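Structural features, examined
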Amino acid sequence: MKRLMTCIECPQGCRLEVEADGPRLISVTGYKCKRGQAYARQETEAPSRTLTTSVLTRGLELKMLPVRTSKPIPREKLFTAMEAVKRIVVTSPVRAGSVIAPDFLGLGVDLVACRRLERA
Amino acid sequence: MKERQLVIVGGGPAGMAAALAARAAGVSDVLLLERDQHLGGILNQCIHPGFGLHHFKEELTGPEYADRFAARVREDAGIEVSLRSFAVRLTPDRRVSFLRPGALEEVKAGAVILATGCRERTREMIPIPGSRPAGVYPAGLAQKMVNMEGWIPGKEAVIVGSGDIGLIMARRMALEGVKVKAVIEIQKVSRGLVRNVVQCLEDFGIPLYLGHKVSRITGRDRVEGVDVVKVDDSFAEVPGTAFSLPCDTVLVSVGLIPENELLEMAGGEIDRRTNAPVAPGVNLTSVPGVFACGNACKVYDLADWVTRDSELAGRMAAEYLGASPA
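Along each chain, residue indices are assigned from 1 in the same order as the chain's sequence is written. For this description, chains carry letters from A and ligands carry numbers from 1, given in the order in which they are written. pLDDT decides what is reported in this predicted model: residues at 70 or higher carry local features, side-chain atom pairs at 80 or more are listed and counted, and totals for whole chains, interfaces and linings draw on all residues regardless.

Attention shifts here to the interface of chain A and chain B. Interface size is commonly expressed as the accessible area that is lost once the parts come together. C-beta atoms are first placed from the backbone for all residues, and any pair lying within 7 Å is then listed as a contact. Listed per partner, the contact involves 23 residues of chain A and 20 residues of chain B. Those elements giving two or more residues to the side of chain A that touches chain B turn out to be strand 5 (52–57), strand 6 (64–69) and helix 2 (78–85) of chain A. Helix numbers and strand numbers start at the N terminus; a helix is a DSSP run of H or I with at least 4 residues, a strand a run of E with at least 2. If one sorts the elements of the side of chain A that touches chain B by residue count, strand 5 of chain A sits on top with 4 residues. Residue composition of the side of chain A that touches chain B, by class: 11 nonpolar, 6 polar and 6 charged. Three residue categories are used. Nonpolar comprises Ala, Val, Leu, Ile, Met, Phe, Trp, Tyr, Cys and Pro, charged comprises Asp, Glu, Lys and Arg, and polar comprises the others, including Gly.

Residues and elements named next belong to chain B. To estimate the expected span of a helix, count its residues, drop one, and scale the result by 1.5 Å. Compared with the 26 Å implied by 1.5 Å per residue over 18 residues, the 25 Å span of helix 7 (residues 303–320) between its first and last C-alpha is a close match. Residues with at least 20 other C-beta atoms within 10 Å of their own are called buried, those with 12 or fewer are called exposed, and the rest are partly exposed. The C-beta atoms themselves are positioned from the backbone. Residues of helix 7 that are buried include every one of Ala303, Val306, Thr307, Ser310, Glu311, Ala313, Gly314, Arg315, Met316, Ala317 and Ala318, and no others. Buried positions along helix 7 lie against strand 1 (2–9), helix 1 (13–24), strand 3 (49–51), helix 2 (62–75), strand 8 (103–114) and strand 19 (290–292).

Here we come to the pairing of strand 11 (residues 156–160) of chain B. Residues and elements named next belong to chain B. Within strand 11, 4 of the 5 residues are buried, leaving the element largely enclosed by the surrounding structure. Pairing of strand 11 with strand 12 (residues 179–185), which is carried by 5 bridges, proceeds in the parallel orientation. Across the sheet, the residue bridging to valine 158 is alanine 182, located in strand 12. Should DSSP find at least two bridges between two strands, the strands are taken to pair. With 4 bridges connecting them, strand 11 and strand 17 (residues 249–252) associate as parallel partners. Bridge pairing links valine 158 to valine 250 in strand 17.

So this is what it looks like as structure tokens:
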């Protein structure tokens, strides 16, 4: 089955024409870089997204710490991940890249800090 | 009065890039004024990914993008960062007055770079008829509330305008459990990047009404809903197409206005329509020795381009000052 897809890897937003048999990619055209090709495959087999959100802090210079998953996670896990994030409180100073939750939800990705935060 | 070689107003992506580039081009003494208690500007609230693909060849979030520049700025002994410092006056001969906790300071600058960014256009600027209840927010303000303060502004939201901030906030609110009813865009096409329509709306099943406008906001104390109507090519309402969407929150994402009051005080010419400086080229103003870069110069859709052009502004200021690389 053929379908149209917009690549979300970068702001160019290439229009991809994807031919697939269920979750199996057959062919893809329309990409301007190799990220587009990889995106079409991933999106066909198992859509995934990087989750970015903020977690509460205590005793640090800002009320919230922006965090992200170190790699994309399955798209259908986004809301489960948000529930888990709400239970986290960060109390120690961090740097960009500090791991907040290793192997987050057993998904094989870490939840990492996106900025430096010192004590208040 | 203290004399400084280069004073930069604003410690966001534009100000930081200009400061670092000016230093690299030989300016030895830079004063960077930032009104917040951190460097980074609006990037600090832009916690979504999509930054740095051009500049760093990898995808970063806003805070990560800012952090990389802030670290270099902090390490540079030739850049004095003055936080919680709000510039209140600029004269044609480049005297800059600023407030910081407990003091009003004045410095004489050899050159000035205005990197003051943008403000959001508000509901009053479109304008939407109806009552004036609580629950109507500019999308960028809501972004700061949700991402930095941890406040969720409502339970059911409608977003007016499909600019990138509106699209990104649609996803953000949806992730936080808010029911996002619709994004309403008066134009025939989305104003935001197509990737944001896909990953922010389609992923979450949020309808995008193109060629529609909000004709009324209803509610007494709190927003109770919006009336939506289709518009024709001349933006006139099409009879018989109106419908209502109940909601308690309306986010308005209808564009940005460069913030150029300081330039205006210094006698600089400003385009009344866009609020951008009138000048023969990028980063220039009509006041000698005063430059404007980043969103204060023109509204950019990518921070990477702000960095690129602001680095140029830093080099232009260095050239104006007659500096040469050490």
